[in-house]
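Examination of the molecular architecture
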Amino acid sequence: MAEILLLHSALGLRPAVGEYADLLRAGGHVVRTPDFYDGHVFNVQAEGIAYREEVGGRTLLARVTDQLGDLPDDAVLAGFSLGAAFAQHLSAARPAARATILLHAVGPVRGDWPGMPVQVHRYASDPIIKESDVVALGAAVRASGASFEDVVVPGSGHLFTDLGVTDGDRDARDRSVRHVLDLLASLDA
């Protein structure tokens, strides 16, 4: 069993985040889904990004950090898009984390990877993700001695795990959950 921090995208804490969390909970895991958008939820990506820009990335990351509370040092760090960027950032500050799961976003690698396994989940063609960032992260994770898995969904788009948006794909979301559960099982083995 793992404790998982699952951070939402720039669309806010939408039902899709709760649904994904519930699928992980059904696998026996504890999942926290903090709301760092203070209740703001968007259906259109441009509106969510405008809110993110209005509040500011540093402020939003500070809200996430403030909500970590009693999160165990070895919690799994995961997120959707903006939340994935925050999870990747938090990994550097929480080197005891059991794994990092990046759904729909990968940022540039800054410094040495702290040594936990990483899973990336993305469409084959995603306008937000740079292939060079995926390659660089994979190299950094492997160099740290940890495993790296790049779960690529055929097609193009962004938030395939959110069935309430145009890019949503139930089969892709369910495959993603299975990959995450397999990773979590390997951590417990």
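Residues numbered from 1 in each chain as written. Predicted model: local features only at pLDDT ≥ 70, side-chain atom pairs only at ≥ 80, totals over all residues. Heavy atoms only, no water.

Description of the sheet that holds strand 3 (residues 76-80)
To keep it simple, the criterion reads: Strands are labelled as partners when DSSP assigns at least two bridges between them. Helix and strand definitions here come from DSSP, where helices need a minimum of 4 consecutive H or I residues and strands a minimum of 2 consecutive E residues; each element is numbered from the N-terminal end. Comment: axis = line fitted to C-alpha atoms, over the contacting stretch for helices; angle = value between 0 and 180 degrees taken between N-to-C directions. Throughout, a residue-residue contact means that at least one pair of heavy atoms, one from each residue, lies within 4.5 Å.
Spatially, 2-1-3-4-5-6 is the arrangement adopted by the six strands of the open sheet, whose pairing is parallel. On the outer flanks of this sheet lie strand 2 (30-32) and strand 6 (148-156), each paired with one strand and no other. Adjacent strand axes in the sheet meet at a mean angle of 20°, parallel and antiparallel pairs treated alike. Both strand 3 and strand 4 (residues 100-103) contribute to a ladder of four bridges, which runs parallel. Of the residues in strand 4, the one forming a bridge with Phe80 is Leu103. The sheet strands contacting helix 5 (residues 131-143) are strand 4, strand 5 (118-125) and strand 6, and the helix crosses strand 6 at an angle near 160°. Contacting strand 1 (3-7), strand 3, strand 4, strand 5 and strand 6, helix 6 (residues 170-188) runs over the sheet at an angle of about 160° to strand 5.

Quick word on the side chain of Arg173
Counted only if it meets this: Here a polar contact is taken to be a pair of N or O atoms separated by no more than 3.5 Å, where protein atoms must pair a possible hydrogen donor with a possible acceptor and residues adjacent in sequence count only if both atoms sit in side chains.
Tracing the sequence through the fold places Arg173 in helix 6. A distance of 2.8 Å separates polar atoms of two side chains, one belonging to Arg173 and the other to Asp174. Arg173 has contacts with Glu19, Tyr20, Leu23, Phe160, Thr161 and Leu163, leaving out every residue within four places of it along the chain.

Side note on empty space enclosed by the protein
Test applied: Buried and open spaces are told apart on a 1 Å grid over the protein atoms alone, a cavity being a set of points where a 1.4 Å probe fits but cannot get out and a pocket being an open set with protein on both sides within 12 Å along at least five of seven lines. Residues with an atom within 4 Å of a point are the lining residues. Grid points are joined across faces, edges and corners, and a volume is the space filled by probe spheres set on the points. All residues other than Ala, Val, Leu, Ile, Met, Phe, Trp, Tyr, Cys, Pro, Asp, Glu, Lys and Arg, Gly among them, are scored as polar; the first ten of these are nonpolar and the last four charged.
Evaluation of the coordinates by the stated rule reveals one cavity of 30 Å³ or more. When its volume is computed, the largest cavity comes out at roughly 70 Å³. Forming the walls of the largest cavity are Ser9, Arg14, Ala16, Val17, Phe80, Leu159, Thr161 and Asp162. Residue classes in the lining of the largest cavity are distributed as four nonpolar, two polar and two charged.

Quick notes on the environment of Val30
Quick reminder of the rule: For every residue, the accessible area obtained with a 1.4 Å probe (protein chains only) is divided by the maximum for its type, and the residue is called buried under 20%, exposed over 50%, and partly exposed between those limits.
Tracing the backbone through its elements, the reader meets Val30 in strand 2. With a relative accessible area of 36%, Val30 lands in the partly exposed category. Sequence-wise, Val30 and Leu5 are 25 residues apart; in three dimensions their C-alpha atoms are separated by 8.7 Å. Setting aside its immediate chain neighbours within four residues, Val30 contacts Met1, Ala2, Glu3 and Ile4.

Some details on the packing of helix 1 (residues 15-26) against helix 6
Two numbers describe a pair of packed helices, the interaxial angle and the distance between the axes. As a reminder of what qualifies: Between 65 and 115 degrees an angle is taken as roughly perpendicular, under 35 as roughly parallel, over 145 as roughly antiparallel, and anywhere else as oblique. By convention the crossing between two helices is left-handed if the near helix lies anticlockwise of the far one by an angle smaller than a right angle, and right-handed if it lies clockwise.
The interhelical angle for the contact between helix 1 and helix 6, taken along N-to-C directions, is 40°, at an axis separation of 10 Å. As judged from the angle between their axes, helix 1 and helix 6 are oblique. Helix-helix and strand crossings are classified by hand; for helix 1 and helix 6 the assignment is right-handed. Note on element contacts: helix 6 touches helix 1 through Arg173, Asp174, Ser176, Val177, Val180 and Leu181, opposite Glu19, Tyr20, Leu23 and Leu24.

Describing the nonpolar core
Basically, it comes down to this: Buried Ala, Val, Leu, Ile, Met, Phe, Trp, Tyr and Cys residues that are joined via side-chain atoms within 4.5 Å together make up what is termed a nonpolar core.
Membership of the largest hydrophobic core comes to 38 residues, with the highest contact counts inside it found for Phe36, Tyr37, Phe86, Leu90, Leu102, Val118 and Leu137. For this core, the elements supplying multiple residues, two or more each, are strand 1, helix 2 (45-55), helix 3 (57-66), helix 4 (82-93), strand 5 and helix 5. Here the element with the most residues in this core is helix 4; it accounts for five residues. In this structure Phe86 touches Leu7, Phe36, Gly57, Leu60, Leu61 and Val64, once residues within four positions along its chain are discounted. Tyr20, Ala99, Val180 and Leu183 belong to the second largest nonpolar core, which has 18 residues in total.

Some remarks on the pattern of salt bridges
A pair can form between side chains of opposite charge whenever their charged atoms are brought close. Stated precisely, the cut-off is as follows: A side-chain nitrogen of Lys or Arg and a carboxyl oxygen of Asp or Glu constitute a salt bridge if their distance falls within 4 Å.
Counted by the stated rule, this structure contains eleven salt bridges. Its salt-bridge partner being Arg173, residue Asp174 comes within 2.8 Å of it at the nearest N-O pair. The exposure class of Asp174 is partly exposed, given its relative accessible area of 23%. A relative accessible area of 6% places Arg173 in the buried class. Salt bridges here are not isolated pairs; linked through shared partners, they connect Glu3, Arg32 and Asp70.

Bear in mind that shape data such as this cannot, by itself, settle questions of function.
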